[in-house]
Amino acid sequence: MTATDTPRSTSAATVRAGVSERPSASLFARGRALRPSGKVLPEHARTHNRALVLQTLYGAGPLSRADIARQTGLTRVTVSELVAELMTERLVIDRGQREGVRPGKPATLLDVDRGSFHVISVDLSETGIVRGAVHDLDDGILARAQHTTGPTTGDALVDEVLTLVGEMLDLATAPVLGIGVGSPGVVDRAGVVLSAPNLGWTDLPLQRLIADRFRVPVHVANDANVAVLAEHAAQHTSSDLLLVRVGLGVGAGLIIAGHPVVGGAFAAGEIGHVVVGTDEGPLCACGRHGCLEAWLAAPRLAAEIDRLASSVGIDRARDEVLREAGRRLGIVLAPVVGALNLSDVVVSGPTELLAGAFLDATIETLRQRTMADFNRDLTLRMTSHGQDIVLRGAAVMVLSGQLGVS
């Protein structure tokens, strides 16, 4: 299928019948909003209040106008005006009157119309594969597609991404709110991929290329920074979270006090080329010895297990390789956990390699190298989103960027 330059329709459509795939905990319906950074200025107050109403309905709807006013602290007049605007835009719908016996006229309940718009997500984090999904506003995945790209890089890979996006837009049966893309490498706030060596991209304006082609709002960010949004939206404990993503390389996404941390040069979380220890270590693709990626990348773990298995047996080989890799990750993470007093660290990657001995060695090392009294509640766990974490995080990124909710 060839993508066209035709702008996508924004007319209403009905979500096609079928069973959608949903996670155990909905990212959107019960998620938490990312905290806004900076003071809310008077000229931004209406946008802020609108997002506040939407977020309240996402988390607790259906609610009456009076309920919304109580929960947000806004006046009933302001709530009524915002609700009228949101209903005109088909983001909020009337769910009928509240049941039960109460004095006076029954209240009319409102909720977000979770099927009114669709969101497109794209995951570029796996080598040789581009994946896409269509989501409703309640985090149901309605359709999927996957292209095997093999060794394709550079401009040819951009064409593959555009083709996939075109296919996903054709699968959407409601107006598309936006497109979210998680890409390896360093990505700035304008969606320019500053550096992604494995994809052959340097200073690539990916966000603008997709938006110009399809005339739909587009958000592009680093895949680990996208993945941490999915985990943050789903969990209900600390607003501080560190997510480590292990695949062909190693990266991390960080949220502190509800704020995503990207760094001044947009390279926060680029831990793959931190040299671990002073014992040289394996040769990394960057030319140095002992980078975390050289110890921990999934292909390296699998190859090292295979190499040792012939001499010590597969079970012992797995245990030795994974424990050493986990120890090296713990060494890198300990200063971060200690400096930020983090209590929740999540790992995303191949479960068959990372669950078990690897996680055990990582948490042991973290506890040995940080102040036990202040990190007794530290937890290290695998993500519950599996392979879909970047797709789901990309959808959260669109909701946050377009509606101010997550």
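Residues numbered from 1 in each chain as written. Predicted model: local features only at pLDDT ≥ 70, side-chain atom pairs only at ≥ 80, totals over all residues. Heavy atoms only, no water.

**Student:** Can you walk me through the pairing of strand E6 (residues 176–183) in this structure?
**Tutor:** Within a regular strand, side chains alternate between the sheet's two faces. Of all the 8 residues making up E6, 8 are buried; the element is thus mostly covered by neighbouring parts of the structure. Direction of pairing for strand E3 (residues 118–123) relative to E6: parallel, over a ladder of 6 bridges. Bridge assignment links histidine 118 to a residue of E6, and that residue is valine 176. (Buried < 20%, exposed > 50% of the residue type's maximum accessible area, 1.4 Å probe, protein only. Helix = DSSP H or I, 4+ residues; strand = E, 2+ residues; numbered from the N terminus. Pairing = 2+ DSSP bridges.)

**Student:** In this structure, what is going on with the sheet that holds strand E7 (residues 186–187)? I would like to understand it.
**Tutor:** In any sheet, the strands associate via hydrogen bonds between backbone groups, in a parallel or an antiparallel arrangement. Within the open sheet, the 3 strands sit side by side as E7-E8-E9. Their pairing is antiparallel. What marks the edges here is a single partner per strand, and that holds for E7 and strand E9 (201–204). Relative to E9, strand E8 (residues 193–196) runs antiparallel, the two being bridged by 3 bridges. Counterpart to alanine 196 in the pairing with E9 is tryptophan 201.

**Student:** Looking at this structure, how should I read the packing of helix H1 (residues 45–60) against helix H3 (residues 76–88)?
**Tutor:** Two numbers describe how H1 lies on H3: the axes approach to 10 Å, and their chain directions differ by 80 degrees. With respect to H3, the element H1 is oriented roughly perpendicular. The residues of H3 that touch H1, namely those facing Arg46, Asn49, Arg50, Val53 and Leu54, are Thr78, Glu81, Leu82, Glu85 and Leu86. (Axes fitted to C-alpha atoms, helices over the stretch in contact; angles between N-to-C directions. Parallel < 35°, antiparallel > 145°, perpendicular 65-115°, else oblique. Contact = heavy atoms within 4.5 Å.)

**Student:** Would you mind going over the sheet that holds strand E12 (residues 250–256) with me for this structure?
**Tutor:** Across the sheet, which stays open at both edges, the 5 strands sit in the order E13-E12-E11-E14-E15 with mixed pairing between neighbours. At either end of the open sheet lies a strand with only one pairing partner, and these are strand E13 (259–261) and strand E15 (379–382). Ignoring which end each strand starts from, the neighbouring axes of this sheet average 20 degrees apart. Across 6 bridges, strand E11 (residues 241–246) lies against E12 in antiparallel orientation. Residue pairing across strands places leucine 241 opposite isoleucine 255, the latter belonging to E12. Sheet contacts for helix H6 (residues 223–234): E11, E12, E13, strand E14 (344–348) and E15; angle to E12, the most-contacted strand, approximately 45 degrees.

Function cannot be read off these values alone, since they describe shape.
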